[in-house]
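Summary of structural features
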Amino acid sequence: AFVAATNHVTYAEREGGAVFAAPSEAGGGWWRLDTDADWQHPHGINSRANPNAPVVQVTRDDALAYARWAKRDLPTEAEWERAARGGLSDAEYSWGDTPPTKTEPRANHWQGVFPAVDSGADGRRGLAPVGCFAPNGYGLHDMAGNAWELTRSAWSRDAAVIKGGSWLCADDVCMRYRPAARQAADLSLGTDHIGFRTVRRLLPSERI
């Protein structure tokens, strides 16, 4: 609806986006630039976006353009983290202090030997539809794993802070699906594991 109303063209549609690939496919690295990757084809021309999954292959400017059209905003890093904790101010995870297990998965993240094999022990491989896992204490789904989320906060002049981790977060590499974890996202590059969510800021008359 946003694209139809505004004719917005994302950065990835103009320049391509980064797609995760096995090291052998990416020339020894984990990523390749795909000129056919965009929000409708997140993993390249032969892929199709799942309408129930987070939108990815967007930059912060793309996300802000949508948010403004929807009369919303992107959260700051502090706002995002407070929401992710769901009222558990000192917990390690958004659901508490107990790590996820094979028998009780809590988030969509990488299981297995990274970056070679994702066993899918949590029931998912790659980007999953929203709401596959239980919400946190504030009723918010997917504040851990699945897709990193862009914030308004700057990491540097050329990068934004992203929070939440993604389906690529492996316990033996980073465990960045914890609320406290943070990472930088290039302002001029979309990827197939970074998305966003918006917030609605209260009007003065709505505040308690």
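Residues numbered from 1 in each chain as written. Predicted model: local features only at pLDDT ≥ 70, side-chain atom pairs only at ≥ 80, totals over all residues. Heavy atoms only, no water.

Here the focus is the side chain of threonine 151. Relative to the assigned elements, threonine 151 resides in strand β3 (residues 148-156). A distance of 3.2 Å separates a polar atom in the side chain of threonine 151 from the backbone nitrogen of serine 153. In terms of polar contacts, threonine 151 uses its side chain to reach the backbone carbonyl oxygen of valine 161, at 2.8 Å. Leaving out residues up to four positions away in the same chain, threonine 151 has contacts with Arg60, Leu74, Pro75, Thr76, Glu77, Trp80, Ala160, Val161 and Lys163. (Helix = DSSP H or I, 4+ residues; strand = E, 2+ residues; numbered from the N terminus. Polar contact = N/O pair within 3.5 Å; in protein donor to acceptor, adjacent residues only side chain to side chain. Contact = heavy atoms within 4.5 Å.)

Overall, the coordinates contain 12 aromatic pairs when judged by the stated rule. The interplanar angle of 70° and the centroid separation of 5.9 Å between the aromatic rings of phenylalanine 20 and tryptophan 110 together place this pair among those described as edge-to-face. A residue pair is termed long-range when its members are at least 10 positions apart, and phenylalanine 20 in strand β1 (residues 17-20) and tryptophan 110 in the loop between α4 (77-85) and β3 qualify at 90 residues. Grouping residues by exposure puts phenylalanine 20 and tryptophan 110 together as buried. Clustering of aromatic rings is evident, with ring pairs tying together Phe20, Trp30, Trp31, Trp110, Phe114 and Trp167. (Phe/Tyr/Trp six-rings, centres within 6.5 Å; stacked < 30°, edge-to-face > 60°. Buried < 20%, exposed > 50% of the residue type's maximum accessible area, 1.4 Å probe, protein only.)

With that settled, the discussion passes to unusual backbone geometry. In this model, phenylalanine 114 is joined to proline 115 through a cis peptide bond whose omega is 0°. Looking at the element boundaries, proline 115 is found in the loop between α4 and β3. Even without being glycine, lysine 71 reaches a positive phi, approximately 60°. By the secondary structure assignment, lysine 71 is in the loop between α3 (60-69) and α4.

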